Structure formats: C-alpha cells, structure tokens
Amino acid sequence: MADTVSFLGLDFTPLDSQALLKAVTARATAGSFGYLVTPNVDHMVRLTADPDLMPLYRDAWMLVSDSRILQTLAARSGLTLPAAPGSDLAAALLDRVIRPDEPVTVIGGDEGLIAELRARYGLTDIRWHAPPMGLRRNPAAVAEAAAFVINSPARFHFLCVGSPQQEMVARAAAAMGGGQGVGLCLGASLDFLTGKAERAPRWMQQARLEWLHRLASEPGRMWKRYLVEGPRIFAIWWQWHTAR
C-alpha cells in the first residue's frame, strides 16, 4: 500500500483508479468492516467550516482524492495526489468485480435506481435501505442505517446518501463491530451509472470542468455549492500552503 500524503489536514492514500480498484477488492474479502471516503472540494470546504466532522475521516480505512481540482492544488504544493473518482470505482466494481448473484448493500436511492441496477448489471441480491430525509440530524436513523449494513453481510456496501451523512453511517457501522466488507462512500455514483443523473463527458472531466457540467445540469440545486462555497478551496489551500 502506498504511503499516505498529508494534504489540507487529511492523510490521503495516493492511488490512481486502477490501484484503488485492486486495493478495495482485496480489502473487501479480508478483515472486519472498514470504509472508504473519497473527499472532494465540497468535503474539504465543509470540513474546514466544521472541524467536528474530522472523526469521520480519521476513522476511515482509507481516504482517496475524488477531485482533479485537489490534484492540481496538491501538485502546486509539490505533492503527488492522483484523482481516483468514486464514480469510476463504482463502475469498475459493477462491471468487473461484483458477481451478479452475490449480495450487494445499497444505502440510499429509490426504487427506480434499484430496479435499474438490477436491469443493467443483473444483480439478483440487492439489500436496500432508504433512510429518511434529514439524516445528518437524526441519530436514530443513522444508527438504523448502520445496523442494516452490519446485518447485511456483503463484500461491498454502497453508501450513497451524500456527505457527510454517508460517512456518518459508515463510521457508526464500523463502531458497532461484527460487520464485513467495505463501505463505499460514493455520493451520486450510482445515480450516474443508472442514468438518473448525467455525468460530465470525459473531456470535461480531464479539463477539470466536471463541476461546470453539474452546475449547468442542476443550476437550482448546485449554484451555491459551485459558485459560493466551492471557490473557498483556493483560500483554504493558500493558507495551508503558506503555513507549511
């Protein structure tokens, strides 16, 4: 396993998408439940504003960068931090690793998403739990979702209820003990894979413009994230960079 890279207060494992797939597949069959977090700009801005969320990242099995913006800023600080998008990981697992007949846990989504997963990937044993809205401020619902993960033995648990809710569920499940497999905190990844949301074209991803595509696709929901909150990452990075 690669040594970690300390960047903006978090210890990332600098894996590219191919290496991450291998690491997650190996971890899924070894040891007790652990969880993967894929921080992006949104995570880092929120964490800076609310440091009480740090245990969600500190207690993860692994952190990998989901963001090419973070990759660029890290490079400007002389650090190598590959971007390994969670959506690429989810696609690779479903296409190449997960057997159609093996159990798969999904936390989040709706009936349409679950039906599309079954249709596209031939999955015959999806254990699905849909938590209520307002999960972040509902400890009982977090505990219920975490217990569902622990009581649903599987190699792969897709936790797709947005950040920091998915990390809260994952950390609670790890604290309960007795579980197995890997909790994958992957946000909207399954929405992209099932066609519920449209991912940016590859050229926009490579040009670090995926945020622009999401803003154009859902301006009413995404304008604040990308036009108000997201740009704060540059000041956050500069403060960290100059304090090194």
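Small disclaimer: the values here were computed from a predicted structure and weren't measured.

Draft legend 1. Here's a closer look at the overall build of the protein. In terms of regular secondary structure, the protein is built from 13 helices and 8 strands. Looking at the protein as a whole, 49% of its 244 residues qualify as buried. The long-range fraction of contacts in the protein, counting pairs at least 24 apart against all pairs at least 6 apart in sequence, stands at 70%. Within the structure as shown, the protein displays about 11300 Å² of accessible surface, and the carbon and sulfur contribution to it stands at 53%.

Draft legend 2. Looking closely at the packing of helix 7 (residues 139–150) against helix 8 (residues 165–176). Remark: helix 7 packs on helix 8, axes separated minimally by 8 Å, with the N-to-C direction vectors making an angle of 60°. As judged from the angle between their axes, helix 7 and helix 8 are oblique. Of the two elements, helix 7 crosses helix 8, and the hand of that crossing is right-handed. Residues Val142, Ala143, Ala145, Ala146, Ala147, Val149 and Ile150 of helix 7 lie in contact with helix 8, whose contacting residues are Met168, Val169, Ala172, Ala173 and Met176. For the contact of helix 7 with helix 8, the per-class residue count stands at 12 nonpolar, no polar and no charged.

Draft legend 3. Structural detail: the nonpolar core. Core analysis: the biggest nonpolar cluster contains 38 residues, and Phe7, Leu8 and Ile233 have the highest contact counts within it. Of the residues forming this core, the biggest block, 6 residues, is contributed by helix 7. For isoleucine 233, the residues in contact, after removing those within four places along its chain, are Leu8, Val41, Met44, Val45, Leu70 and Leu73. Grouped together as the second largest cluster of nonpolar side chains are 34 residues, Ala90, Tyr121, Phe156 and Leu190 included.

Draft legend 4. A look at the state of the cysteines. Evaluated as defined, the whole model comprises 0 disulfides. Summary of cysteine pairing: cysteine 160 is not part of a disulfide, and the nearest cysteine sulfur, belonging to cysteine 185, is at 8.7 Å. Overall, cysteine 185 belongs to the buried group, its relative accessible area being 1%.

Draft legend 5. Molecular detail of helix 8. For helix 8, built from 12 residues, the straight-helix expectation of 16 Å at 1.5 Å per residue is met to within 8% by its first-to-last C-alpha distance of 17 Å. Where helix 8 is concerned, the buried positions are Gln165, Gln166, Glu167, Val169, Ala170 and Ala173. The elements touched by buried residues of helix 8 are strand 3 (34–37), helix 2 (41–49), helix 3 (54–58), helix 7, strand 7 (156–159) and strand 8 (182–185). One or two steps after helix 8, the chain reaches glycine 177, where phi turns positive at roughly 75°.

Draft legend 6. Summary view of the pairing of strand 5 (residues 104–107). Along strand 5, one buried face is formed by Val104 and Val106 and the opposite face, lined by Thr105 and Ile107, is buried too. In this structure, strand 5 lies alongside strand 6 (residues 126–129), joined through 4 bridges in parallel fashion. When the sheet's bridge partners are listed, valine 104 is paired in strand 6 with isoleucine 126. Note: strand 5 against strand 7, 3 bridges, orientation parallel. Counted as the bridge partner of isoleucine 107 is leucine 159 from strand 7.

Draft legend 7. Just the packing of helix 4 (residues 68–76) against helix 13 (residues 232–243), in detail. Here helix 4 crosses helix 13 at 25°, and the two axes come no closer than 11 Å. Classified by the angle between their axes, helix 4 and helix 13 sit roughly parallel to one another. Handedness of the helix 4/helix 13 crossing: right-handed. Seen from helix 4, the contacting residues are Leu70, Leu73 and Arg76; seen from helix 13, they are Ile233, Phe234, Trp237 and His241.

Draft legend 8. Summary view of unusual backbone geometry. In this structure, the amide linkage connecting serine 163 to the following residue, proline 164, adopts the cis form with an omega of 5°. Counting through the fold element by element, proline 164 comes out in the loop between strand 7 and helix 8.

Draft legend 9. Region of the structure containing the packing of aromatic side chains. Taken as a whole and judged by the stated rule, the model has 2 aromatic pairs. Their ring planes at 85° and their centres at 5.1 Å tell us that phenylalanine 7 and tryptophan 240 sit as a pair that is edge-to-face. Remark: tryptophan 240 occurs in helix 13 and phenylalanine 7 occurs in strand 1 (residues 5–7); sequence separation between them is 233 residues. Overall, the relative accessible area of 0% leaves phenylalanine 7 in the buried class.

Quick notes on the rules
- Residues numbered from 1 in each chain as written.
- Predicted model: local features only at pLDDT ≥ 70, side-chain atom pairs only at ≥ 80, totals over all residues.
- Heavy atoms only, no water.
- Helix = DSSP H or I, 4+ residues; strand = E, 2+ residues; numbered from the N terminus.
- Buried < 20%, exposed > 50% of the residue type's maximum accessible area, 1.4 Å probe, protein only.
- Contact = heavy atoms within 4.5 Å.
- Areas by Shrake-Rupley, 256 points an atom, 1.4 Å probe, with all protein chains shown as cover.
- Axes fitted to C-alpha atoms, helices over the stretch in contact; angles between N-to-C directions.
- Parallel < 35°, antiparallel > 145°, perpendicular 65-115°, else oblique.
- Left-handed = near helix turned anticlockwise from the far one by under 90°.
- Nonpolar A, V, L, I, M, F, W, Y, C, P; charged D, E, K, R; others polar.
- Core = buried A, V, L, I, M, F, W, Y, C linked by side-chain atoms within 4.5 Å.
- Disulfide = S-S within 2.5 Å.
- Expected span 1.5 Å × (residues − 1).
- Pairing = 2+ DSSP bridges.
- Phe/Tyr/Trp six-rings, centres within 6.5 Å; stacked < 30°, edge-to-face > 60°.

That is the geometry; function is a separate question.
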